[in-house]
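Below, each chain spelled out in residue letters.
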Amino acid sequence: MNLSSLLLVSLIVLNSPAFSHAEDSIPLGPAHPGIVSTRPDPARCNQYVSKLQSVIAGLPPSAQKHRWVVVCSLDPWNYALHKAGAWGRTNTAFTNVSGKTTFINGAVFEEPEHFYRQTIYHEAGHVICACGNEARANQEAGRLFSAASSTPAMGQ
Ligand SMILES: [Zn+2]
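Quick caveat: nothing in here was measured; it's all calculated off a predicted structure.

## What to know about unusual backbone geometry
Next, step 1: Its identity as a non-glycine residue notwithstanding, Lys-100 has a phi of 50°, on the positive side.
Next, step 2: Structurally, Lys-100 can be placed in the loop between β2 (93–96) and β3 (101–105).
Next, step 3: Lys-100 sits in the partly exposed class, given 14 other C-beta atoms within 10 Å.
Next, step 4: Here the phi dihedral of Ala-130 falls at roughly 50°; this positive angle occurs in a residue that is not glycine.
Next, step 5: Position of Ala-130 among the secondary structure elements: in the loop between α5 (113–129) and α6 (134–150).
Next, step 6: Given 13 C-beta atoms within a 10 Å radius, Ala-130 is considered partly exposed.

## Regarding the packing of α5 against α6
A pair of packed helices is characterised by two quantities: the angle between their axes and the separation of those axes.
Next, step 1: At their nearest, the axes of α5 and α6 sit 7 Å apart, and the two run at 120° to each other. If you check the angle between α5 and α6, you find them oblique. Considering only the axes of α5 and α6, their crossing is right-handed. Together, Gln-118, Tyr-121, His-122, Ala-124, Gly-125, His-126, Ile-128 and Cys-129 of α5 and Arg-136, Ala-137, Asn-138, Gln-139, Glu-140, Ala-141, Leu-144 and Phe-145 of α6 make up the contact between the two elements.
Next, step 2: Across the contact of α5 with α6, the residue classes tally to eight nonpolar, six polar and two charged.

Calculation notes
- Residues numbered from 1 in each chain as written.
- Predicted model: local features only at pLDDT ≥ 70, side-chain atom pairs only at ≥ 80, totals over all residues.
- Helix = DSSP H or I, 4+ residues; strand = E, 2+ residues; numbered from the N terminus.
- Buried ≥ 20, exposed ≤ 12 C-beta atoms within 10 Å, placed from the backbone.
- Axes fitted to C-alpha atoms, helices over the stretch in contact; angles between N-to-C directions.
- Parallel < 35°, antiparallel > 145°, perpendicular 65-115°, else oblique.
- Left-handed = near helix turned anticlockwise from the far one by under 90°.
- Contact = placed C-beta atoms within 7 Å.
- Nonpolar A, V, L, I, M, F, W, Y, C, P; charged D, E, K, R; others polar.

Geometric descriptors of this kind do not, in isolation, establish any biological role.
As structure tokens, then:
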């Protein structure tokens, strides 16, 4: 999935009616658009975390200090989505801006590097702007992407 289709999905999300969620829900920040077709494999969790760490290492300090959670099996991921009121809005990642936590579906790390980088950069965009605005998050994600691709030695 390329950036423009991500943006398109994002706009659809923005235009969807306001989401109602149960009283006990985690206050929902932004949900990340995009679709993964596989399920996370708990046996590969360490690998997912390593991939996440290598991307995070190249992020600005505010995003490095953020709490990133990789959910490595499907049932807990589905639970987290329901709990956050994000069911049906994303199956890649979502950020609770006020709680300073991002939950990532481990399955994104089964996708090509470009895909999971985009997922992480988008969520990092929310962290950097400290906002739930999808357009601003995508703008920041674009900056992070160009910064990463213009730096030969990444993750230092
Ligand atoms: Zn978003």
